[in-house]
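# Structure assessment
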Amino acid sequence: MLDNKLIGDVLDQALATGGDFAEIFLEDTRNNSITMIGGVVERTISGRDYGLGIRIFNGLNSVYAYTNDTSRENLLSVAKNAAMAIKGSKVDLVLNFQKEDVKNSHPVTKIPKDISQKEKVAIMKKAHNVANNYSEEISQVVVNYLDNDQKVLIANTDGKIVEDRRIRTRLPIQAIASKGTEKQSGFFGPGALKGFEFYDEIDVENYATEAAKIATTMINAEPCPSGKMPVIIDNAFGGVIFHEACGHGLEATSVAKKTSVFSDKLGEQVASELVTAIDDGTMPNEWGSINVDDEGNKTQRNVLIKDGVLKGYMIDELNGKRMGMEATGSCRRQNYRFAPTSRMTNTYIDNGKSSPEEIIANTEYALYAKNMGGGSVNPATGEFNFAVNEGYIVKNGKIEKPVRSATLIGRGIDVLRKIDMVGNNLQHAQGMCGSVSGAVPTNVGQPMIRVSEITVGGRKEE
């Protein structure tokens with residue numbers, strides 16, 4: 001993507017004023033998206049992100065600059081201007097690039113650009129028809145098709161030079177049910193680090209059916225009671241609470257600044273002993289996986305919490321220097337316009353020993369949050385507020401009735417400590433995670449868990 005002579009000259013220029021480390025990140029990404037509303041293609045967008053970011057370290061501080069003009073003259077100028085933020089003396093630099101051969105652990109067989117739009121729209125139409133025909137109460141179906149093909153080159157003054165290619169595909173499906181002035185929605189958004197072969201492997205009709213089923217069930221449900229009560233949170237997207245309320249607090253981005261509730265707690269019991277939590281960027285073809293992170297380090301399986309004890313963090317190079325710890329292959333960014341930092345990949349609570357049936361049968365009374373929606377989190381404290389997209393009341397060991405408009409309110413670390421049953425049905429779900437280095441694809445995941453007490457917001461007094 002760039003010749004080694006130019007890479008070396010740019011890095012040399014970046015250290016001209018005394019920086020002790022420099023890195024370039026070159027990206028060439030093709031994005032495609034199609035939006036279908038009511039069975040009609042409303043919007044098609046194709047685009048390209050091409051550019052280069054230059055990052056310079058000076059001790060524990062950093063400078064970042066980027067450009068989409070990769071001519072030699074401009075790159076040397078951008079590096080020179082970025083270096084002017086550092087005041088020091090030039091260190092002689094001898095670069096001997098060692099290109100690392102990266103094993104591709106995420107093979108793709110059908111490159112999206114080789115697939116016609118007609119074939120992509122046919123998949124969307126299938127999802128629309130199934131969801132739309134599920135019930136007369138379905139008033140609108142929105143289907144999005146997304147694919148992107150990202151090629152990156154990362155090189156630094158340690159002599160590292162690495163290239164990687166990341167191809168992703170996703171199909172978000174939203175069904176909306178209406179009754180009078182009320183509306184309820186159901187959503188599924190399957191995705192993977194795969195090409196168009198993804199649609200040979202998943203049951204699109206089943207995802208569309210489930211989205212419509214959630215919407216129609218909730219439009220006919222009565223309001224959820226409010227108050228403090230046990231809550232059973234189902235697998236897959238139920239893991240969004242751990243991701244948002246705990247996962248971000250385990251990123252070095254906040255740990256190094258000591259703004260996380262998990263700072264300086266390594267080795268301490270921070271969760272129920274039933275909880276083991278992992279971030280694993282190596283999982284084959286999973287939505288949040290990558291071969292190497294955006295610093296060129298190989299991704300790895302990072303055990304964050306083991307049997308309730310805090311074992312590690314997700315760490316990038318710069319924050320690793322601040323913390324005196326090694327990087328963990330966890331550095332990510334949305335694109336070249338963002339300086340990278342520690343982020344999650346595929347983050348999940350690991351399997352326990354209870355079956356979902358046992359958890360339900362052993363519960364006298366609880367809210368069963370079968371599908372979670374969006375919410376808000378204070379990343380410093382882990383305080384959260386999440387909507388329940390599909391909820392039920394469990395009474396005397398049985399699922400009694402659906403309830404709607406529930407919200408879960410609490411603090412992440414408190415929830416971790418109150419988990420008293422963990423299921424054995426781990427599943428993952430896909431989402432986009434936003435933070436200081438932009439939006440990146442991540443998996444959330446967990447088996448069914450039971451929390452002994454969470455504050456539930458609803459519309460009905462129990």
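Residues numbered from 1 in each chain as written. Predicted model: local features only at pLDDT ≥ 70, side-chain atom pairs only at ≥ 80, totals over all residues. Heavy atoms only, no water.

If you look the protein chain up in an unreviewed UniProt entry, it shows as TldD/PmbA family protein from Proteinivorax tanatarense.

### Structural notes on the side chain of Asp147
Here Asp147 lies in strand β5 (residues 138-156). Of note is the side chain of Asp147, whose polar atom sits 3.2 Å from the side chain of Lys120. (Helix = DSSP H or I, 4+ residues; strand = E, 2+ residues; numbered from the N terminus. Polar contact = N/O pair within 3.5 Å; in protein donor to acceptor, adjacent residues only side chain to side chain.)

### Here's the deal with the nonpolar core
Ranked by internal contacts, the top residues of the largest apolar core, which has 45 residues, are Phe262, Ile305, Leu367 and Leu408. Ranked by the residues each element gives to this core, the list is headed by helix α6 (residues 240-247), at five residues. If we skip the residues at most four places from it in the chain, Leu408 touches Val231, Ile233, Ile241, Leu367, Met372, Phe384, Asn385, Phe386, Val388, Ile454, Thr455 and Val456. Of all hydrophobic cores here, the second largest spans 27 residues; its members include Met36, Ala127, Leu171 and Val204. (Core = buried A, V, L, I, M, F, W, Y, C linked by side-chain atoms within 4.5 Å. Buried < 20%, exposed > 50% of the residue type's maximum accessible area, 1.4 Å probe, protein only. Contact = heavy atoms within 4.5 Å.)

### A few points about the packing of aromatic side chains
One pass over the full model with this rule turns up nine aromatic pairs. A centroid spacing of 5.1 Å and a plane angle of 55 degrees characterise the contact between Phe196 and Tyr199, whose relative ring orientation is tilted. Overall, Phe196 belongs to the buried group, its relative accessible area being 7%. Given a relative accessible area of 7%, Tyr199 falls into the buried group. Grouped by ring-pair contacts, the aromatic residues Tyr145, Phe196, Phe198 and Tyr199 constitute a single cluster. (Phe/Tyr/Trp six-rings, centres within 6.5 Å; stacked < 30°, edge-to-face > 60°.)

### What to know about the UniProt feature "domain: Metalloprotease TldD/E N-terminal" (unreviewed entry) in the protein chain
As annotated by UniProt and renumbered to match this structure, "domain: Metalloprotease TldD/E N-terminal" (unreviewed entry) occupies residues 22-83. Segment residues 22-83 splits into 19% helix and 68% strand. End C-alpha atoms: 10 Å apart. (UniProt positions renumbered as here; feature names shortened; annotations may be inferred.)

### Observations regarding the pairing of strand β7 (residues 173-179)
Pairing of β5 with β7 involves five bridges; the strand directions are antiparallel. Among the inter-strand pairings, Val141 is bridged to a residue of β7, identified as Ala175. With seven bridges connecting them, β7 and strand β8 (residues 182-188) associate as antiparallel partners. Bridging across to β8, Gln174 finds its partner in Phe187. Two successive antiparallel strands, β7 and β8, enclose a turn made up of two residues, where Gly180 displays a positive phi of approximately 65 degrees. (Pairing = 2+ DSSP bridges.)

### Here's the deal with the sheet that holds strand β23 (residues 427-435)
With mixed pairing, six strands are arranged side by side in an open sheet as β14-β13-β12-β17-β24-β23. Each edge of the open sheet carries a strand with a single partner, namely β14 (309-310) and β23. In the packing of α6 onto the sheet, contacts are made with β12 (277-280), β13 (301-306), β17 (346-349), β23 and β24 (438-446), and the angle to β24 comes to roughly 120 degrees. (Axes fitted to C-alpha atoms, helices over the stretch in contact; angles between N-to-C directions.)

### Some remarks on the pattern of salt bridges
One pass over the structure, following the stated rule, counts 24 salt bridges. Glu295 is the partner of Arg55 in a salt bridge, and the nearest nitrogen-oxygen pair spans 2.7 Å. With Arg55 in strand β2 (residues 40-58) and Glu295 in the loop between β12 and β13, the pair connects residues that are 240 residues apart, well separated along the chain. The closest approach of N and O atoms between Lys401 and Glu222, which form a salt bridge, is 3.1 Å. (Salt bridge = Lys/Arg side-chain N within 4 Å of Asp/Glu carboxyl O.)

### Observations regarding the UniProt feature "domain: Metalloprotease TldD/E central" (unreviewed entry) in the protein chain
If you check UniProt for "domain: Metalloprotease TldD/E central" (unreviewed entry), the listed places come out as residues 112-218 in our numbering. As a span, residues 112-218 carries 33% helix and 43% strand, and end to end its C-alpha atoms are 36 Å apart.

### Structural notes on unusual backbone geometry
A positive phi angle is found at Asn285, which is not glycine, with a value near 60 degrees. The residue Asn285 is located in the loop between β12 and β13 in this model. Here Asn285 falls in the buried class, since its relative accessible area comes to 12%. Despite not being glycine, Ser405 has its phi angle at roughly 65 degrees, a positive value.

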